[in-house]
Amino acid sequence: MIQVLLFAELQEKTGKAKIKLKAGHMTVTELKDVLIDKYGIKQLDKVMVAINEDYAEDEDRIQPGDTVAFLPPVSGG
Amino acid sequence: MIQVLLFAELQEKTGKAKIKLKAGHMTVTELKDVLIDKYGIKQLDKVMVAINEDYAEDEDRIQPGDTVAFLPPVSGG
Amino acid sequence: MENHLFEIVEEPIQIEKVIAKVVRREAGAITTFIGTVREWTKGRRTLYLKYEAYVSMAEKMLRQVGEEVCGKWPDVKIAITHRIGELQISDTAVVVAVSAPHRKEAYAANEYAMERIKQIVPIWKKEHWEDGEMWIGNQSETVSYAEGKPIIKGDKH
Amino acid sequence: MENHLFEIVEEPIQIEKVIAKVVRREAGAITTFIGTVREWTKGRRTLYLKYEAYVSMAEKMLRQVGEEVCGKWPDVKIAITHRIGELQISDTAVVVAVSAPHRKEAYAANEYAMERIKQIVPIWKKEHWEDGEMWIGNQSETVSYAEGKPIIKGDKH
């Protein structure tokens, strides 16, 4: 099980803040492809990703139990 | 009549915050010489001077009625 | 580093309380940055803003900003509070307070912290205008993202 | 420029009140500098300080600093309050608050104002230590005076 978190416009576009996915090991890119397929959110391609609250790269591996957050360009401050 | 203001260590050294001098026109340098003579405050040579609250130079002229302040190196802030 | 130095809050920020966190007998200089909601941006009038955050990660990233700052300027102490939720014009969104023995480093550390907050802290701003609304960030409205992905690793020089 | 933006006071400075003077709907950034009494300077322990000012000229020079700042950064608003009299460790001696549409100018204008305050505003500090006391300024204890006379005219570039 992987927990996916969506924020800001990604959350609004999908209507979901949290998605639970039955999935095994995969890369960030593979997870993106699954979600783009399922929810049609093409923007996932361009956004930052965090695995368990650490920024991650496309080739990083996701383990079952991980929380993966998709982070649109930040605009705090 | 010229009003002379002394601050910080100049004030402590002379024991005076204000001096009234009967004097006509003179330059800042001439006024300094008068005061060094009278009060032995050699430091006057090196301090800044303001005439009527504007910074002035040694060669600037003082008129009767002016207020001349001797300003040791500032240390505000 | 004390945890409560870096906070995401929903209620109004009390500036004096953030400053109080960094006051020290060895400090002679405190700088604060207060980010407020601006009414006009590029000719467009903002009515109000909404800030959203990935709260747990945002606090973690604020701590990282603090660690980077203390790495570069070992004598400083820093506290950061960012507010989320709905904010009105002139409301305070963020306060960065830095104390240091001398002023140069207090200014430099504060400015660096703000740069990094805008790069790596997962907080998002939605502007509400008279004629619409938009999540700010991927429309090049912010400088940091116009250059692509945020620089995650601190500048270590 | 409003006169009360630049003040010499004898009572404790309320930081929030100085900040409130520069809050504007068009500002998105406010920087403050808070100068506090530091306990240790070059290995010497300060017990308390006394600040003295040529009050009328000091307020005039603070206004000049404000005019220079607004000349260099036309979009900023600035307020400065300096306290005089006896101050204890960590007491606030000076607050400079600057608001601007964007943060870069808010930092730069604030730092410039502090530089100028230390150069041209007739205020003097007497440090009281465990083993003595001294008027600070002509013993090269402050950087500005080590270079000789203050630069009176603003940097006009």
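As the structure is a prediction and not an experimental result, all values here were calculated from the model. (Residues numbered from 1 in each chain as written. Chains lettered and ligands numbered in written order. Predicted model: local features only at pLDDT ≥ 70, side-chain atom pairs only at ≥ 80, totals over all residues. Heavy atoms only, no water.)

### Quick notes on the packing of helix α2 (residues 55-72) of chain D against helix α3 (residues 103-120) of chain D
All names here are of chain D.
Right, so step 1: Where α2 contacts α3, the axes come no closer than 10 Å and their chain directions differ by 145°. The element α2 and its partner α3 pack so that their crossing is right-handed. Here Met-61, Leu-62, Gln-64, Val-65, Glu-68, Val-69 and Lys-72 of α2 come into contact with α3, specifically with Ala-109, Tyr-112, Ala-113, Arg-116, Ile-117 and Ile-120.
Right, so step 2: When grouped by side-chain class, the residues that make up the contact of α2 with α3 number nine nonpolar, one polar and three charged. (Axes fitted to C-alpha atoms, helices over the stretch in contact; angles between N-to-C directions. Helix = DSSP H or I, 4+ residues; strand = E, 2+ residues; numbered from the N terminus. Left-handed = near helix turned anticlockwise from the far one by under 90°. Contact = heavy atoms within 4.5 Å. Nonpolar A, V, L, I, M, F, W, Y, C, P; charged D, E, K, R; others polar.)

### Some words on the packing of aromatic side chains
Right, so step 1: Within this structure, the stated rule accounts for eight aromatic pairs over all chains.
Right, so step 2: Relative to C:Trp124, the ring of A:Phe7 lies with its centre 4.9 Å away and its plane at 15°, an arrangement referred to as stacked. Placement of the pair is A:Phe7 in the loop between β1 (2-6) and α1 (8-14) and C:Trp124 in strand β8 (residues 123-129), with the two residues belonging to separate chains.
Right, so step 3: Cluster of aromatic residues (ring-pair linked, three or more members): A:Phe7, C:Tyr54 and C:Trp124.
Right, so step 4: Lying over the aromatic face of C:Trp129, C:Arg44 brings its terminal NZ or CZ to 3.8 Å of the ring centre. (Phe/Tyr/Trp six-rings, centres within 6.5 Å; stacked < 30°, edge-to-face > 60°. Lys NZ or Arg CZ within 6 Å of the ring centre and 35° of its normal.)

### Concerning the relation of the copies chain D and chain C
Right, so step 1: Between chain D and chain C, which share one sequence, the superposing operator has a rotation angle of 180° and an axial displacement of 0.0 Å; the RMSD is 0.0 Å. What the rotation and shift describe, once combined, is the action of a two-fold rotation axis. It is D:Thr32 whose C-alpha, among those of chain D, lies nearest the rotation axis, at 2.5 Å. (Least-squares fit on C-alpha atoms with pLDDT ≥ 70 in both.)

### As for helix α2 (residues 28-39) of chain B
Residues and elements named next belong to chain B.
Right, so step 1: Here α2 is 12 residues long and its end C-alpha atoms lie 16 Å apart, about the 16 Å a rise of 1.5 Å per residue gives.
Right, so step 2: Contacts from the buried residues of α2 go to β1 (2-6), β2 (18-21), β3 (26-27), β4 (48-51), β6 (61-62) and β7 (67-71).
Right, so step 3: Looking at the residues trailing α2, positive phi occurs at Gly-40, about 65°. (Expected span 1.5 Å × (residues − 1).)

### With respect to the sheet that holds strand β7 (residues 92-100) of chain C
Right, so step 1: An order of β1(C)-β5(C)-β7(C)-β2(C)-β2(D)-β7(D)-β5(D)-β1(D) is seen for the eight strands of this open sheet, with the pairing classed as mixed. Bordering the open sheet on either side are β1 (6-9) of chain C together with β1 (6-9) of chain D, each of which pairs with just one other strand. For this sheet, the mean inter-axis angle between neighbouring strands, taken without regard to orientation, is 10°.
Right, so step 2: Relative to strand β2 (residues 29-36) of chain D, strand β2 (residues 29-36) of chain C runs antiparallel, the two sharing seven bridges. In the sheet register, C:Ile30 faces β2(D), and the bridge partner there is D:Ile34.
Right, so step 3: Strands in contact with helix α3 (residues 103-120) of chain C are β2, β5 (77-83) and β7 of chain C together with β2 of chain D; relative to β7(C), the strand with the most contacts, it is inclined by about 145°. (Pairing = 2+ DSSP bridges.)

### Description of the packing of α3(C) against α3(D)
Right, so step 1: Look at α3(C) against α3(D): their axes get within 11 Å of each other, and the N-to-C directions meet at 175°. Here α3(C) lies roughly antiparallel to α3(D), going by the angle between them. Within the contact between the two elements, α3(C) uses C:Arg103, C:Lys104, C:Tyr107, C:Asn110, C:Glu111, C:Met114, C:Glu115 and C:Lys118 and α3(D) uses D:Arg103, D:Lys104, D:Tyr107, D:Asn110, D:Glu111, D:Met114, D:Glu115 and D:Lys118.
Right, so step 2: Residues that form the contact of α3(C) with α3(D) fall into these classes: four nonpolar, two polar and 10 charged. (Parallel < 35°, antiparallel > 145°, perpendicular 65-115°, else oblique.)

### A short note on helix α2 (residues 28-39) of chain A
All names here are of chain A.
Right, so step 1: Those residues of α2 that fall on the buried side of the exposure criterion are Val-28, Leu-31, Lys-32 and Leu-35. Within α2, the buried residues cover an arc of 100° as seen down the axis, which keeps them to one side.
Right, so step 2: Where α2 is buried, its residues meet β1, β2 (18-21), β3 (26-27), β4 (48-51), β6 (61-62) and β7 (67-71). (Buried < 20%, exposed > 50% of the residue type's maximum accessible area, 1.4 Å probe, protein only. Arc of directions from axis to C-beta.)

### So, the interface of chain D and chain C
Right, so step 1: Facing the 33 residues of chain D at the interface are 33 residues of chain C.
Right, so step 2: Buried surface at the junction of chain D and chain C, summed over both partners, amounts to about 3,100 Å²; 49% is from carbon and sulfur atoms.
Right, so step 3: The largest contributions to the chain D side of the interface with chain C come from D:Arg25, D:Arg103 and D:Tyr107, which together make up 24% of the buried area.
Right, so step 4: The tally of links between chain D and chain C comes to eight salt bridges.
Right, so step 5: In this structure, C:Glu39 engages D:Arg25 in a salt bridge whose closest nitrogen and oxygen atoms are separated by 2.8 Å.
Right, so step 6: If you look at where chain D meets chain C, you find 20 residue pairs in polar contact (both at pLDDT 80 or more).
Right, so step 7: Tallied by class, residues from the side of chain D that touches chain C come to 13 nonpolar, eight polar and 12 charged. (Buried area = accessible area lost by both parts, 1.4 Å probe. Salt bridge = Lys/Arg side-chain N within 4 Å of Asp/Glu carboxyl O. Polar contact = N/O pair within 3.5 Å; in protein donor to acceptor, adjacent residues only side chain to side chain.)

### Topic: the pairing of β4(A)
Residue and element names in this part refer to chain A.
Right, so step 1: Residue alternation in β4 divides its side chains into two sets, Met-48 and Ala-50 and Val-49 and Ile-51, and both sets are buried.
Right, so step 2: Note that β4 and β7 share four bridges and pair antiparallel. Looking at the pairing, Ile-51 lines up with Val-68 of β7.
Right, so step 3: Where β4 meets strand β5 (residues 54-56), three bridges bridge the pair, whose relative direction is antiparallel. Paired with Ala-50 across the bridge in β5 is Tyr-55.

### Thoughts on unusual backbone geometry
All names here are of chain A.
Right, so step 1: Phi is positive for Ala-8, close to 50°, though the residue is something other than glycine.
Right, so step 2: Position of Ala-8 relative to the elements: it lies in helix α1.
Right, so step 3: Residue Ala-8 is classed as buried on the basis of its relative accessible area, which comes to 1%.

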